[in-house]
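Understanding the architecture of this molecule
Next come the chains, spelled out residue by residue.
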Amino acid sequence: MCFSGTQKLHNSLNCDQTIEDIDYFTNINFKRTLLLTQTIARKRVVNQVEGSIYTITSINAIQPGIGLSVYGATKGALETLMKGVALELAPHRIKINTIAVGAIETDMNSSVWQDPEKLRLVSSGIPLKRLGKPEEVATVLINLLKSGSYMTGSTIRIDGGWLLKTGYADPEKYPEE
C-alpha cells in the first residue's frame, strides 16, 4: 500500500500559491508515491512475486474542491499514473488499484472534525452524514488484500456517498408505514 498526502486550502486564481507550495504538494502527494511504487514493483518483478499495490488518493482527484485545485491535481495525477502502471505490471501478475477517500477523521482533517461547526457543515454534505474513520478504510484495504482479486486499474471510493450527491436536495429516509 502506498499513501502520503498533504493539503492546505489555496485559491489558485488569486495566485496565493507559490512555486514552493506547488513543489511541496507535488513532492509529497505524487513524487514520493511514484518512487515508492517503483521500488516495490521493481523488487516484485525481479523476484517474480505477484500481488497487489494499493495507493490512497482522494475524491478530490475525481471531483475538485474549492481551494484544493493543486491538491486534487496531484491526486488526479496519481490516479492516472496508477492506471498506466496497472497496464505495465499486469504481465507480471501485479495488480495496481487506488482507493479514493473522502472526508476521513485523520490528522490532515483535524481542523474539520475538531470544530463542531465545521464538522456539521462538512457532514451535512455527505449522504451518510458523518466523516469516515481510518479503520473503515483499513478494513476495506485488508479485505481487498485477502481476496486476491481479479481487479486491476480500478478506483475504490470510500467517501460516505459524497460523490453520489448532486443537485440541491439531500437524501431522505423513506416514510415509515
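In this text, all values refer to a predicted model and were calculated from it rather than measured experimentally. For every chain, the first residue of the written sequence is number 1, and numbering continues from 1 along that sequence. Per-residue local features of the predicted model are confined to residues with pLDDT of at least 70, and side-chain atom pairs are confined, for both listing and counting, to 80 or more; whole-chain, interface and lining totals are unaffected and use all residues. Where side-chain values are given, they derive from all heavy atoms of the structure, hydrogens and water being excluded.

**Quick notes on the sheet that holds strand S2 (residues 94-101)**
Two strands are said to pair when DSSP picks up at least two bridges between them. Strands are runs of DSSP state E lasting at least two residues, helices are runs of H or I lasting at least four, and both sets are numbered from the N terminus onward. Spatially, the 3 strands line up as an open sheet ordered S1-S2-S3, and their pairing is parallel. In this open sheet, the two strands that pair with only one neighbour each are strand S1 (51-58) and strand S3 (155-158). Pairs of neighbouring strands in the sheet enclose a mean axial angle of 25 degrees, with direction left out of account. With 4 bridges connecting them, S2 and S3 associate as parallel partners. Residue pairing across strands places Ile99 opposite Ile156, the latter belonging to S3. Across the face of the sheet, helix H1 (residues 19-46) comes into contact with S1 and S2 while running at roughly 175 degrees to S1. Axes, fitted as lines to C-alpha atoms, cover a helix only where it is in contact. Angles between the N-to-C directions of the axes lie from 0 to 180 degrees. Should any heavy atoms of two residues lie within 4.5 Å, those residues are counted as being in contact.

**Some points on the side chain of Asn97**
Looking at the secondary structure, you find Asn97 in strand S2. Polar contact criterion, stated in full: a pair of N or O atoms within 3.5 Å, where within protein one must be able to donate a hydrogen and the other to accept it, and residues adjacent in sequence count only if both atoms are side-chain atoms. Polar contacts involving the side chain of Asn97 include one to the main-chain amide nitrogen of Gly153, which spans 3.2 Å. If sequence neighbours within four positions are ignored, Asn97 has contacts with Ile53, Tyr54, Thr55, Met151, Thr152, Gly153, Ser154 and Ile156.

**Topic: the pairing of S2**
For S2, a buried count of 8 out of 8 residues is recorded, marking the element as mostly surrounded by other parts of the structure. Burial classes: relative accessible area under 20% of the type maximum marks a residue as buried, over 50% as exposed, and values in between as partly exposed (1.4 Å probe, protein chains only). Burial along S2 is two-sided: the face carrying Ile94, Ile96, Thr98 and Ala100 and the face carrying Lys95, Asn97, Ile99 and Val101 are both buried. Each parallel crossover has a hand, and the one from S1 via helix H2 (residues 69-89) to S2 is right-handed. Throughout, right-handed denotes a crossover for which the path from the first strand over the helix to the second runs clockwise when the strands point away from the viewer.

**Overview of the pattern of salt bridges**
Criterion for a salt bridge: a side-chain nitrogen of Lys or Arg within 4 Å of a carboxyl oxygen of Asp or Glu. Scanning all chains against the criterion turns up 5 salt bridges. Linking Glu50 and Arg93 is a salt bridge whose minimum nitrogen-to-oxygen distance equals 3.1 Å. Of the two residues, Glu50 sits in the loop between H1 and S1 while Arg93 sits in the loop between H2 and S2, which places them 43 residues apart along the sequence. On the basis of relative accessible area, Glu50 is assigned to the partly exposed category, the value being 44%.

**With respect to the environment of Val137**
Tracing the backbone through its elements, the reader meets Val137 in helix H5 (residues 134-147). Assessed through its relative accessible area of 11%, Val137 is described here as buried. For the pair Val137 and Ile99, spaced 38 residues apart in the sequence, the C-alpha separation amounts to 8.5 Å. For Val137, the contacting residues outside a window of four places in its chain are Ile56, Val101, Ile104 and Ile158.

**Quick word on the packing of H1 against H2**
Look at H1 against H2: their axes get within 9 Å of each other, and the N-to-C directions meet at 15 degrees. Judged by the angle between their axes, H1 and H2 are roughly parallel. Remark: the crossing between H1 and H2 carries right-handed chirality. Two secondary-structure elements touch here, H1 through Ile22, Phe25, Thr26, Asn29, Phe30, Thr33, Leu34, Thr37, Ala41 and Val45 and H2 through Val70, Tyr71, Thr74, Lys75, Ala77, Leu78, Leu81, Met82, Val85 and Leu89. Here the term charged refers only to Asp, Glu, Lys and Arg, the term nonpolar to Ala, Val, Leu, Ile, Met, Phe, Trp, Tyr, Cys and Pro, and the term polar to all other amino acids, Gly among them. For the contact of H1 with H2, the per-class residue count stands at 14 nonpolar, 5 polar and 1 charged. An angle counts as roughly parallel when it lies under 35 degrees, as roughly antiparallel when it exceeds 145, as roughly perpendicular when it falls between 65 and 115, and as oblique in every other case. By definition, any crossing whose near helix is turned counterclockwise from its far helix by less than a right angle is left-handed, and any crossing with a clockwise turn is right-handed.

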